[in-house]
Amino acid sequence: DAGVIQSPRHEVTEMGQEVTLRCKPISGHDYLFWYRQTMMRGLELLIYFNNNVPIDDSGMPEDRFSAKMPNASFSTLKIQPSEPRDSAVYFCASSPGPSRETQYFGPGTRLLVL
Amino acid sequence: AQKVTQAQTEISVVEKEDVTLDCVYETRDTTYYLFWYKQPPSGELVFLIRRNSFDEQNEISGRYSWNFQKSTSSFNFTITASQVVDSAVYFCALSEAWGKLQFGAGTQVVVTP
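How each quantity is defined
- Residues numbered from 1 in each chain as written.
- Chains lettered and ligands numbered in written order.
- Predicted model: local features only at pLDDT ≥ 70, side-chain atom pairs only at ≥ 80, totals over all residues.
- Heavy atoms only, no water.
- Buried < 20%, exposed > 50% of the residue type's maximum accessible area, 1.4 Å probe, protein only.
- Helix = DSSP H or I, 4+ residues; strand = E, 2+ residues; numbered from the N terminus.
- Pairing = 2+ DSSP bridges.
- Axes fitted to C-alpha atoms, helices over the stretch in contact; angles between N-to-C directions.
- 1 Å grid on protein atoms, 1.4 Å probe; cavity = no way out; pocket = protein on both sides within 12 Å on 5 of 7 lines; lining within 4 Å.
- Points joined across faces, edges and corners; volume = space filled by probe spheres on them.
- Polar contact = N/O pair within 3.5 Å; in protein donor to acceptor, adjacent residues only side chain to side chain.
- Contact = heavy atoms within 4.5 Å.

Asks: Is there a simple way to explain the pairing of strand E12 (residues 107–112) of chain B in this structure?
Replies: Side-chain direction in a regular strand flips from residue to residue, so the side chains alternate between the two faces of the sheet. Residues and elements named next belong to chain B. Burial along E12 is one-sided: the residues Thr107, Val109 and Val111 are buried and none of Gln108, Val110 and Thr112 is. Bridge count for strand E2 (residues 10–14) against E12 is 5 bridges, and the pairing is parallel. Along E12, the bridge assignment pairs Val13 with Val111. In terms of strand pairing, strand E10 (residues 88–96) meets E12 through 3 bridges, oriented antiparallel.

Asks: Help me understand the sheet that holds strand E8 (residues 74–79) of chain A, please; the structure alone is not making it clear to me.
Replies: Sheets are built from strands paired through backbone hydrogen bonds, the pairs being either parallel or antiparallel. All names here are of chain A. Reading across from one edge, E1-E3-E8-E7 is the order of the 4 strands in this open sheet, with antiparallel pairing throughout. Both outer strands of the open sheet, strand E1 (5–7) and strand E7 (65–71), are each paired with one neighbouring strand and no more. Each adjacent strand pair in this sheet contributes to an overall mean axis angle of 15 degrees, direction not counted. The pairing of E7 with E8 spans 5 bridges and is classified as antiparallel. Paired with Asn71 across the strands is Phe74, a residue of E8.

Asks: It is not clear to me how the layout of surface pockets should be interpreted in this structure. Could you clarify?
Replies: Taking a probe equal in size to a water molecule and rolling it over the atoms shows the remaining empty space. Its volume calculated, the largest pocket comes out at about 600 Å³. Taken together, 27 residues form the lining of the largest pocket, with Gln37, Thr38 and Met39 of chain A together with Gln39 and Phe91 of chain B sitting closest to its centre.

Asks: Looking at this model, I keep getting lost on the side chain of Glu44 of chain A. Mind explaining?
Replies: Residue and element names in this part refer to chain A. Residue placement: Glu44 occurs in strand E5 (residues 42–50). Its relative accessible area of 14% is what places Glu44 among the buried residues. At 3.0 Å, the side chain of Glu44 and the side chain of Arg41 are in polar contact. Here Glu44 is in contact with Trp34, Tyr35 and Arg36, once residues within four sequence places are set aside.

Below, the structure is given as structure tokens:
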């Protein structure tokens, strides 16, 4: 079975540009999570969805970040406008249940904002 | 407050040595879940094991073993006879019953030939 799919794998953009990260969760998983990994802050949860509905977005750093899940097989994380401090690896994960269930991670998107 | 502490930042060993990674967690819940993930140099996060708070049975899987001790709030991970391919960052994580998955800072394992 295919795992979590993320695209693009790498993104280089200039400050002020819009960035859209994409995720396809494992089929049948009702939960989808977006994480950000940086050297300074480690792995931090940005937002998660249950059955396509955002449940907790308290980790979203600011209004420049937004996430959507229009259907069970697709989610986006958008940054507009991007800033150099947004440079990080963004992971998408999915699971069959809430956080007590195993989350399976995608390969990540490495974002560099110049 | 940090709920998962991985005190070892980096561990360097020579191939075939055993290496134990420490993980100490903090929770007031009686029901919780502990995880270990591996992040190799390629960057993906690979699930290794999940344990719930009611299952203190230690487990061995190939060269990997886990030691869960509720009395000391520890969930340690041992790689036996390490290999170069074990070089990675290993993360311990905690999920309380209805909370988020919280990761430790990770331990970098470097295995040299």
